[in-house]
Amino acid sequence: PFPNALLSLQTAVAAVMPVAGNLLWGVEVDTLELKKIISFLPCAIVYFMGIYTGMHALKHMNADTIIWFRSTLPIGVAVSYEKENHNDNSLKVLV
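Now for a look at the structure at hand. (Residues numbered from 1 in each chain as written. Predicted model: local features only at pLDDT ≥ 70, side-chain atom pairs only at ≥ 80, totals over all residues. Heavy atoms only, no water.)

1. Considering the overall build of the chain
And then number 1: Secondary structure summary: the chain contains 4 helices and 0 strands in total.
And then number 2: Its helices and strands in sequence order give the chain the pattern α-α-α-α, from N to C terminus.
And then number 3: Classification of the 95 residues of the chain by burial places 9% in the buried group. (Helix = DSSP H or I, 4+ residues; strand = E, 2+ residues; numbered from the N terminus. Buried < 20%, exposed > 50% of the residue type's maximum accessible area, 1.4 Å probe, protein only.)

2. Things to note about helix α1 (residues 2–25)
And then number 1: In this model α1 runs 32 Å from its N-terminal to its C-terminal C-alpha over 24 residues, within 8% of the 34 Å that 1.5 Å per residue would give.
And then number 2: Its maximal kink placed at V16, α1 deviates by approximately 30 degrees, while the proline P18 follows within four residues.
And then number 3: For α1, every residue scored as buried is listed here: L7, A20 and G21.
And then number 4: In this structure, the buried residues of α1 make contact with α2 (34–60).
And then number 5: Just past α1, the residue G26 takes up positive phi, approximately 70 degrees. (Expected span 1.5 Å × (residues − 1). Bend = angle between axes of the 7 residues up to and from the residue. Contact = heavy atoms within 4.5 Å.)

3. Some remarks on the packing of α1 against α2
Packed helices, taken two at a time, are described by the angle their axes make and the gap between the axes.
And then number 1: Running from N to C, α1 and α2 point in directions that differ by 150 degrees, and their axes come no closer than 10 Å. Relative to α2, the element α1 lies roughly antiparallel. Crossing angle aside, the handedness with which α1 passes α2 is right-handed. Contact with α1, carried on its side by P3, N4, L7 and T11, involves F48, I51, Y52, M55, H56 and K59 of α2 and no other residues of that element.
And then number 2: Of the residues contributing to the contact of α1 with α2, the split by class is 6 nonpolar, 3 polar and 1 charged. (Axes fitted to C-alpha atoms, helices over the stretch in contact; angles between N-to-C directions. Parallel < 35°, antiparallel > 145°, perpendicular 65-115°, else oblique. Left-handed = near helix turned anticlockwise from the far one by under 90°. Nonpolar A, V, L, I, M, F, W, Y, C, P; charged D, E, K, R; others polar.)

So yeah, pure geometry; function would need other evidence.
Encoded structure:
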């Protein structure tokens, strides 16, 4: 329960701080527009899914294993992307 509580607290603070900054210190904050919210919604969902699954993975695995996996995953994604696009020159650069 603690990782989820921490995630909820961080999200709440991130949502409140721009409003507080605008009210207390006159920080210029753009107004929310439904079109912008909808366009960023898929990205936000994937981002929070990654955080949520990472928090649950920490309950069951060693932190070093998670760090290694998250650090090396982009390499596999890049190689598979380049193979899919049949770009052999960029694979030579990766290797």
